There are 2 protein chains.
Amino acid sequence: MWGVKDVKQEKLTDTVAFRLGTLGAITADRFAEGIAVHGLRAKHAGLLALLASGAAASQQEIARTMKVTPSLVVGLADDLEELGAVGRERDPDDRRRQVLTITGRGHELLAACTAVAHALDEELAAGLGDAPAAALRDALALLAARSGLPG
Amino acid sequence: MWGVKDVKQEKLTDTVAFRLGTLGAITADRFAEGIAVHGLRAKHAGLLALLASGAAASQQEIARTMKVTPSLVVGLADDLEELGAVGRERDPDDRRRQVLTITGRGHELLAACTAVAHALDEELAAGLGDAPAAALRDALALLAARSGLPG
DNA sequence: TATTGTTATACTCTATAACTATA
DNA sequence: TATAGTTATAGAGTATAACAATA
């Protein structure tokens, strides 16, 4: 009628942003648990995926792409080198650059991480049904692309 | 034909789990930035939302519902009390219990947090289009309910 | 001088354990 | 004894800043 504004008093917990944050944290925790047995944390897996995609090689490029500081990449690369998952060589053309390459063992570990993520996907899909699960997958793919995420 | 297994070599970065984790972290960061001006972090907002819903009142109940330790709730309640967002009173029936109640100022701050989340929602929806945005919202609502999240 | 990687240090968030008071 | 809350301490993860090597 008049004066009655359409005040949509949405609850914080009902927003997409809040649910994306909380469900994302839960999922990340479960992923971390699943890959911990291999001595890996989520950032190790992300780094391996990045090397496998060929999108980055030097530690600076990796830091920029992953949006973390170069000093963090040093530690991640140390760990992965110790696990035999990556090789680390000075670039002959610019000896300041450390070029990381994923090894066969690194591909194995990445596959193990992917399997953990895939199992989580199936669990999520089972709780949704086929059509909503596909819609979720498509929506997240779009948002990931728009956010400039690698993959 | 024969011997050719259906090896679905999905990439880690293409899984729903990985994208949910990364997009969730990005969204949580942006939410944190948006509410920081009010002196709040995400957990403060979650606690206010919990009090507003009436689902918990004592610090132990809050800790259980938010899946954090009681000692963390002490600090959050300290902060919110100092901001005038919550009242804290001993339960007369059991003087061990501290009962938190959200104040008028608390409702204001919660509304400010909700507005930040709502703005993020609109930005996410704008990047998707109406139908996929609605599908995302519905899927996350279902997953949130199945994960036992408050709201 | 500028850049890459490294090291040293500090900060944030959270949990664990010990403690106080009530029951 | 058991429980609610608090305090003290420790750990994980990350960033910032200073540094060494190379350009």
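Here the structure is shown first, and the text comes after it.
Since the model is a prediction, treat every value here as computed from it, not as a measurement. (Residues numbered from 1 in each chain as written. Chains lettered and ligands numbered in written order. Predicted model: local features only at pLDDT ≥ 70, side-chain atom pairs only at ≥ 80, totals over all residues. Heavy atoms only, no water.)

**Q** Help me understand the interface of chain B and chain A, please; the structure alone is not making it clear to me.
**A** Often, the extent of an interface is quoted as the loss of accessible area upon association of its parts. Contacts between the two partners involve 45 residues from chain B, matched on the other side by 45 residues from chain A. Linking chain B to chain A there are two salt bridges. Across the salt bridge formed by E10(A) and R137(B), the nearest N and O atoms sit 2.9 Å from each other. Linking chain B with chain A are 11 residue pairs in polar contact (both at pLDDT 80 or more), by the criterion used here. If one sorts the elements of the side of chain B that touches chain A by residue count, helix α1 (residues 16-36) of chain B sits on top with 12 residues. Residue composition of the side of chain B that touches chain A, by class: 27 nonpolar, 11 polar and seven charged. (Contact = heavy atoms within 4.5 Å. Salt bridge = Lys/Arg side-chain N within 4 Å of Asp/Glu carboxyl O. Polar contact = N/O pair within 3.5 Å; in protein donor to acceptor, adjacent residues only side chain to side chain. Helix = DSSP H or I, 4+ residues; strand = E, 2+ residues; numbered from the N terminus. Nonpolar A, V, L, I, M, F, W, Y, C, P; charged D, E, K, R; others polar.)

**Q** Would you explain the relation of the copies chain B and chain A in this entry?
**A** Applying a rotation about an axis and a shift along it to one chain copy brings it onto the other copy. Each copy of the sequence occupies a distinct position, and chain B is placed on chain A by a rotation of 180 degrees and an axial shift of 0.0 Å, giving an RMSD of 0.0 Å. With respect to symmetry, the two chain copies, as superposed, fit the operation of a two-fold axis. Looking at the rotation axis and the C-alpha trace of chain B, the residue lying nearest is G24(B), at 2.2 Å. Most of the interface of chain B is mirrored in chain A: 98% of its interface residues are interface residues there too. (Least-squares fit on C-alpha atoms with pLDDT ≥ 70 in both.)

**Q** Would you mind showing me how to read the pairing of strand β1 (residues 86-91) of chain A here?
**A** Residues in a regular strand project their side chains so that they alternate between the two faces of the sheet. All names here are of chain A. As paired strands, β1 and strand β2 (residues 94-102) are joined by six bridges and run antiparallel to one another. Considered in β2, the bridge of V86 is made with I102. Once β1 ends, the chain turns through two residues before running back antiparallel as β2. (Pairing = 2+ DSSP bridges.)

**Q** I tried to follow unusual backbone geometry on my own but got confused; where do I start?
**A** Backbone geometry follows two general trends: most residues other than glycine have a negative phi, and most peptide bonds adopt the trans configuration. A positive phi angle, near 55 degrees, is found at K67(A), a position not held by glycine. Assignment of secondary structure puts K67(A) in the loop between α3 (59-66) and α4 (70-82).

**Q** Help me understand the protein's contact with DNA strand D in this model?
**A** Contacts to DNA strand D come from 19 residues, most closely from K43(A), S71(A), Q59(B), Q60(B) and Q98(B). The protein-proximal atoms of DNA strand D, defined as those within 4 Å of the protein, are 75% sugar or phosphate. One of the side-chain nitrogen or oxygen atoms of Q59(B) is found 2.6 Å away from a phosphate oxygen of DNA strand D. Between a phosphate oxygen of DNA strand D and a main-chain N or O atom of Q98(B), the distance comes to 2.6 Å. Mapped by element, the contributors of at least two residues to the surface near DNA strand D are α4 and β2 of chain A together with α3 (59-66), α4 (70-82) and β2 (94-102) of chain B. (Near = heavy atom within 4 Å.)

**Q** I would appreciate a short explanation of the side chain of T114(A) in the present structure.
**A** Its place among the elements puts T114(A) in helix α5 (residues 104-126). You can call T114(A) buried: its relative accessible area is 10%. (Buried < 20%, exposed > 50% of the residue type's maximum accessible area, 1.4 Å probe, protein only.)

**Q** Would you explain the protein's contact with DNA strand C in this entry?
**A** In the neighbourhood of DNA strand C, 19 residues make up the surrounding shell, with Q59(A), Q60(A), Q98(A), K43(B) and S71(B) lying closest. In this structure, a phosphate oxygen belonging to DNA strand C sits 2.6 Å away from a main-chain N or O atom of Q98(A). The side chain of S71(B) places a nitrogen or oxygen atom 2.8 Å from a base oxygen of DNA strand C. Tallied by class, residues from the surface near DNA strand C come to four nonpolar, seven polar and eight charged.

**Q** What should I look at first to understand α4(B) in this one?
**A** Turn by turn, an α-helix covers 3.6 residues, leaving residues three or four places apart pointing in a common direction. All names here are of chain B. Counted at 1.5 Å a residue, the expected span for α4 with its 13 residues is 18 Å, and the 19 Å between its end C-alpha atoms agrees. Along α4, the residues classified as buried are V73, L76, A77 and L80. The buried side chains of α4 occupy one side of the element, clustering within an arc of 100 degrees when seen end-on. Turned more than 90 degrees from where α4 packs its buried face, S71 and E82 sit exposed. Of the surrounding secondary structure, the elements contacted by the buried residues of α4 are α2 (42-53), α3, β1 (86-91) and β2. Downstream of α4 by a residue or two, G84 has a phi angle that is positive, lying close to 75 degrees. (Expected span 1.5 Å × (residues − 1). Arc of directions from axis to C-beta.)

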